[in-house]
Amino acid sequence: MRIVYSDVLVIGGGLAGLRVAIGVRRRGFDPLVLSLVPPKRSHSVAAQGGMQASLGNVIKGDGDNEDVHFEDTVRGSDWGADQQVVRMFVNTAPKAVRELAAWGVPWSRVRRGDREVIINGQKVTLTERDEAHGLIAQRDFGGTKKWRTCYASDGTGHSMLFAMGDRAIAEGIPVLERTEALALIHDGRRCHGAVVRDLITGELAACVARATVVATGGAGRLYRVTTNAVINEGIGHALALETGVAALGNMEAVQFHPTGIFPAGILVTEGCRGDGGLLRDAEGHRFMPDYEPEKKELASRDVVSRRMEEHIKKGHAHKSRFGEHLWLDITLLGRAHIERNLREVKDICRYFLGLDPADKWIPVRPAQHYTMGGVRTDHTGQNPSLAGLFAAGESACWDMHGFNRLGGNSVAETVVAGMIVGEFVADYCEGAELEVSTGLVREFIAREQAYLDGLCSGGGKEDPSALRVAMQEIMTAKVGIFRDGGDLAAAVEELRELYVRSNGIVVASRAAGANPELVTAYRTQKMLRLALTVAGGALARTESRGAHFRADYPQRNDQQWLKRTLATWPNPEADLPTLSYEPLDVMTMELPPGWRGYGARNQIEHPDTERRAQQVAEVRERLSGEGRFAVQEALMPYEQLLPESIRGRNERLGEKLP
């Protein structure tokens, strides 16, 4: 039995995991990072468009600040977010983007003077201020009042991850590449690390630590068409779920990106539309103003995706041999702009579609993109039920996204949550000794080895690849952009049958080392549990909120459903998760529930909303002369929740520090 000891085990080598590891290293603790792939190949590298931070450098971002970013994020979440966490996030984001600049991220920069841009399909001349010359630039993204998204051309994730990876190397942080966590080691009260498998040799070992951080990214491969990498299978979520103790939050909240290239589903950034690109139908008609006359193509992602699918259902799609799709037109941006700011988009179109987007429209259709749900944590990033278990990034329900996230807020969350959670993990380690019995470790390793041996020697007949394809088809057809009770009930039953059948999986290859068939087998059963959690939560939530849209319950129902879904799997023999709920307290909200700004006002109010709105109005009036910081502190204090090293105000051109 091989046991590897560290202070902090970080499962996942993307932006969130690496930033947590850097944080704890700087506090004097020894982290160990597990990664399925070399860290610089993690899915964080695929983020194209940018990172939101309220710098207010460009002229269209003038007047931006934490208050505006906060309101955009809460409205974007359809009031499902934890507003204190959102405050922590928007305060820290400017610090994070500047830290990354110091680490070498080549952010696109403001140039003084006139420049020509496309706004609402028209050429417009903007004049950038002399004092902004050389500062970090921002572009427009959906769902925001100001231009806020910092970018490095359209290779933002690539630039960020390489700089973060270099920083981790400089800090001497060890990474176990091509190593996978199979199960979390715990005693029902505290997490002590994980059983891991070397994907090359097949050897099992235990990585034991004071604190364990899940930072494994999203779960897009539950669906047939997704912008996610092939390694984004939700395994980190499943590891927490399989403890039977830790809960997952809001797993029914799944975001679809409007512009996945058709038919492959590969992402082309929201920066295409932020920079002025238009969505067109088969006749070349720009249809988004017909549905959302104010925000048009830059409405929130869940809204644009639904409008696109509605337009397709009305018969306006272009029909190809692969199916129906719409068009993204960025030709009006001009070749020079595309080759400077959208180079990755051009390469994707060239290699996967055989077209030049400077000359031809891009075939697009919404594809699964992001998982708002994840391992439920408090504001420190720690799971409330299992001490020592933390989560950060897309695999966490921290919960700053609620039921829909804004573009640019996810790649920002990876580094911001990494900064914040890293400090809290270090705080935890200062008071937590490494105390775990070798008997418990041996028990978990033996259990996982017996499970793997059973897959290789069992008498079943089920093909794991076939089960996985069936799961993906069910999720895509019945738990997608539009949902209804009949389809969801059928999906739950069909997924349950697949899960039961998965107990009879057979693996033909008995290879002791690298064995992709075995990997597919044990991951598929984990994914089926996760799919049941998504579908089950969606069936139970009889309302529409953010990306969760029920055709049979189109209203947002704050009276009954202003609460977070919690899913656990306490009985390993069960074939369905256990659901419970965590109410959101309206009386503590800085921004009480209201209209998002899209479509008709279609919601059932919470009984406390009017009272809280009146309180907020009274506070704003009473403190109107004392500045925004005094008003914010009176409405919802949050700064004391932040680690002391990250507190403090952010300076802008129009808002100097005292």
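Up top is the structure.
Since the structure is predicted, the reported quantities are computational estimates derived from the model, not experimental observations.

Quick notes on the overall build of the protein
Alright, step 1. Secondary structure summary: the protein contains 18 helices and 24 strands in total.
Alright, step 2. Reported as C-alpha extents along the three principal axes, the dimensions of the protein are approximately 70 × 60 × 50 Å.
Alright, step 3. Every one of the 658 residues in the protein was classed for burial, and the buried ones make up 62%.
Alright, step 4. The long-range fraction of contacts in the protein, counting pairs at least 24 apart against all pairs at least 6 apart in sequence, stands at 73%.
Alright, step 5. Across the protein, the mean location of the 80 positive side-chain charges is 3 Å away from that of the 86 negative side-chain charges.

Quick notes on the pattern of salt bridges
Alright, step 1. Tallied over the entire structure, the rule returns 65 salt bridges.
Alright, step 2. In this structure, D67 and R628 form a salt bridge, with 3.4 Å as the shortest nitrogen-oxygen distance. Taken together, the residues D67 in helix 2 (residues 66-76) and R628 in helix 18 (residues 628-635) connect sequence positions 561 residues apart.
Alright, step 3. Close ionic contact of D329 with R280 constitutes a salt bridge, the shortest N to O distance being 2.8 Å. Placement of the pair is D329 in strand 16 (residues 323-329) and R280 in strand 14 (residues 278-280), with a sequence separation of 49 residues.
Alright, step 4. For R280, a relative accessible area of 17% translates into the label buried.
Alright, step 5. Each of E66, D67, R87, E590, R628, R652 and E655 takes part in a single network of salt bridges with overlapping partners.

A short note on the sheet that holds strand 3 (residues 51-52)
Sheets are built from strands that pair by backbone hydrogen bonding, the pairs being arranged parallel or antiparallel.
Alright, step 1. Strand order in the open sheet formed by three strands is 3-7-6, and the pairing between neighbours is antiparallel. Among the strands making up the open sheet, the edge pair consists of strand 3 and strand 6 (138-139).
Alright, step 2. Taken together, the two bridges between strand 3 and strand 7 (residues 149-150) define a ladder with antiparallel strand orientation. Looking at the pairing, Q52 lines up with T149 of strand 7.

Digging into the side chain of E462
Alright, step 1. Within the secondary structure, E462 sits in the loop between helix 12 (438-457) and helix 13 (464-478).
Alright, step 2. What makes E462 buried here is its relative accessible area of 15%.
Alright, step 3. Ignoring sequence-local partners within four residues, the contact set of E462 consists of L467, R501, G504, I505 and V506.

Notes on the packing of aromatic side chains
Alright, step 1. As enumerated under the stated definition, the model contains seven aromatic pairs in all.
Alright, step 2. Note on F287 and Y291: the rings are 6.4 Å apart at their centroids and 80° apart in plane angle, and the pair reads as edge-to-face.
Alright, step 3. A relative accessible area of 0% places F287 in the buried class.
Alright, step 4. Seen from their ring centres, W561 and Y581 are 5.3 Å apart, and the 75° between their planes marks the pair as edge-to-face. Placement of the pair is W561 in helix 16 (residues 558-561) and Y581 in strand 23 (residues 578-583), with a sequence separation of 20 residues.
Alright, step 5. In this structure Y581 comes out as partly exposed when scored by relative accessible area, which is 27%.
Alright, step 6. Over the ring of W561 we find K563, and its NZ or CZ is 4.9 Å from the ring centre.
Alright, step 7. Above the ring of Y581, the side-chain terminus of K563 is found at 5.0 Å from the ring centroid.

Concerning the packing of helix 1 (residues 15-26) against helix 11 (residues 409-430)
Alright, step 1. At a minimum axis distance of 7 Å, the contact between helix 1 and helix 11 shows a crossing angle of 30°. By the angle between their axes, helix 1 is roughly parallel relative to helix 11. As helix 1 packs across helix 11, the resulting crossing turns out to be right-handed. Contact residues: helix 1 offers L15, A16, R19, V20, G23 and V24, while helix 11 offers V411, T414, V415, G418, M419, G422, E423, V425 and A426.
Alright, step 2. Residue classes in the contact of helix 1 with helix 11 are distributed as nine nonpolar, four polar and two charged.

Some words on the side chain of R148
Alright, step 1. Looking at where R148 falls in the secondary structure, it is placed in the loop between strand 6 and strand 7.
Alright, step 2. For R148, the side chain forms a polar contact with the side chain of Q52, separated by 2.9 Å.

A closer look at the nonpolar core
Alright, step 1. Ranked by size, the top nonpolar core spans 72 residues in total, and within it L222, M471, V479 and L495 carry the most contacts.
Alright, step 2. For this core, the leading source of residues is helix 15 (residues 516-540), giving 12 residues.
Alright, step 3. Once residues lying within four places of it in the same chain are set aside, the contact partners of V479 are Y223, I474, L488, A491, V534, A535 and A538.
Alright, step 4. Residues L55, V74, V85 and F89 belong to the second largest nonpolar core, which totals 70 residues.

A few points about the environment of A102
Alright, step 1. Checked against the element boundaries, A102 lands in helix 3 (residues 83-103).
Alright, step 2. Considering only alpha carbons, one finds A102 and Q382, 280 residues apart in sequence, at a separation of 29 Å.

Things to note about helix 1
Each turn of an α-helix holds 3.6 residues, which means side chains three or four residues apart point in the same direction.
Alright, step 1. A rise of 1.5 Å per residue sets the reference length of helix 1, with its 12 residues, at 16 Å; its end C-alpha atoms lie 17 Å apart and thus fit the reference within 8%.
Alright, step 2. The buried fraction of helix 1 is high, at 11 of 12 residues.
Alright, step 3. Turning to helix 1, its buried residues are L15, A16, G17, L18, R19, V20, A21, I22, G23, V24 and R25.
Alright, step 4. Tucked into the core, helix 1 has its buried residues touching strand 1 (3-11), strand 2 (31-35), helix 3, helix 4 (156-170), strand 11 (204-214) and helix 11.

As for the state of the cysteines
Alright, step 1. According to the stated counting rule, one finds zero disulfides in the structure shown.
Alright, step 2. Just so you know, C397 is unpaired, no disulfide at all, and the nearest cysteine sulfur is the one on C191, 18 Å from it.
Alright, step 3. The class for C397 is buried, based on a relative accessible area of 0%.
Alright, step 4. C429 takes part in no disulfide bond, and the closest cysteine sulfur to it belongs to C191, at a distance of 12 Å.

Looking at unusual backbone geometry
Alright, step 1. Geometrically, the link from F262 to P263 is a cis peptide bond, its omega value of 10° lying close to zero.
Alright, step 2. Topologically, P263 is positioned in the loop between strand 13 (254-261) and helix 6 (271-274).
Alright, step 3. Of note, the phi angle at W79 is positive, near 60°, even though the residue is not glycine.
Alright, step 4. Here W79 is to be found in the loop between helix 2 and helix 3.

Brief notes about the sheet that holds strand 12 (residues 248-249)
Alright, step 1. Read from one edge of the open sheet, five strands run 20-18-12-22-23, paired in mixed fashion. Looking along the sheet, the strands with just one partner apiece sit at the ends: strand 20 (396-397) and strand 23.
Alright, step 2. The pairing of strand 12 with strand 22 (residues 563-568) spans two bridges and is antiparallel. Paired with G249 across the two strands is L566, which belongs to strand 22.

Quick notes on helix 15
Alright, step 1. With 25 residues, helix 15 extends 36 Å from end C-alpha to end C-alpha; this agrees with the ideal 36 Å at 1.5 Å per step.
Alright, step 2. Among the 25 residues of helix 15, 20 are classified as buried, and the element is accordingly described as predominantly covered.

Concerning the pairing of strand 4 (residues 113-119)
Alright, step 1. Across seven bridges, the pairing between strand 4 and strand 5 (residues 122-128) is antiparallel. Residue pairing in the sheet places D114 in a bridge with T127 of strand 5.
Alright, step 2. Where strand 4 hands over to strand 5, the hairpin turn is made up of two residues, of which N120 adopts a positive phi near 55°.

Analysis parameters
- Residues numbered from 1 in each chain as written.
- Predicted model: local features only at pLDDT ≥ 70, side-chain atom pairs only at ≥ 80, totals over all residues.
- Heavy atoms only, no water.
- Helix = DSSP H or I, 4+ residues; strand = E, 2+ residues; numbered from the N terminus.
- Buried < 20%, exposed > 50% of the residue type's maximum accessible area, 1.4 Å probe, protein only.
- Contact = heavy atoms within 4.5 Å.
- Lys, Arg positive; Asp, Glu negative; His and termini not counted.
- Charge placed at Lys NZ, Arg CZ, Asp CG, Glu CD.
- Salt bridge = Lys/Arg side-chain N within 4 Å of Asp/Glu carboxyl O.
- Pairing = 2+ DSSP bridges.
- Phe/Tyr/Trp six-rings, centres within 6.5 Å; stacked < 30°, edge-to-face > 60°.
- Lys NZ or Arg CZ within 6 Å of the ring centre and 35° of its normal.
- Axes fitted to C-alpha atoms, helices over the stretch in contact; angles between N-to-C directions.
- Parallel < 35°, antiparallel > 145°, perpendicular 65-115°, else oblique.
- Left-handed = near helix turned anticlockwise from the far one by under 90°.
- Nonpolar A, V, L, I, M, F, W, Y, C, P; charged D, E, K, R; others polar.
- Polar contact = N/O pair within 3.5 Å; in protein donor to acceptor, adjacent residues only side chain to side chain.
- Core = buried A, V, L, I, M, F, W, Y, C linked by side-chain atoms within 4.5 Å.
- Expected span 1.5 Å × (residues − 1).
- Disulfide = S-S within 2.5 Å.

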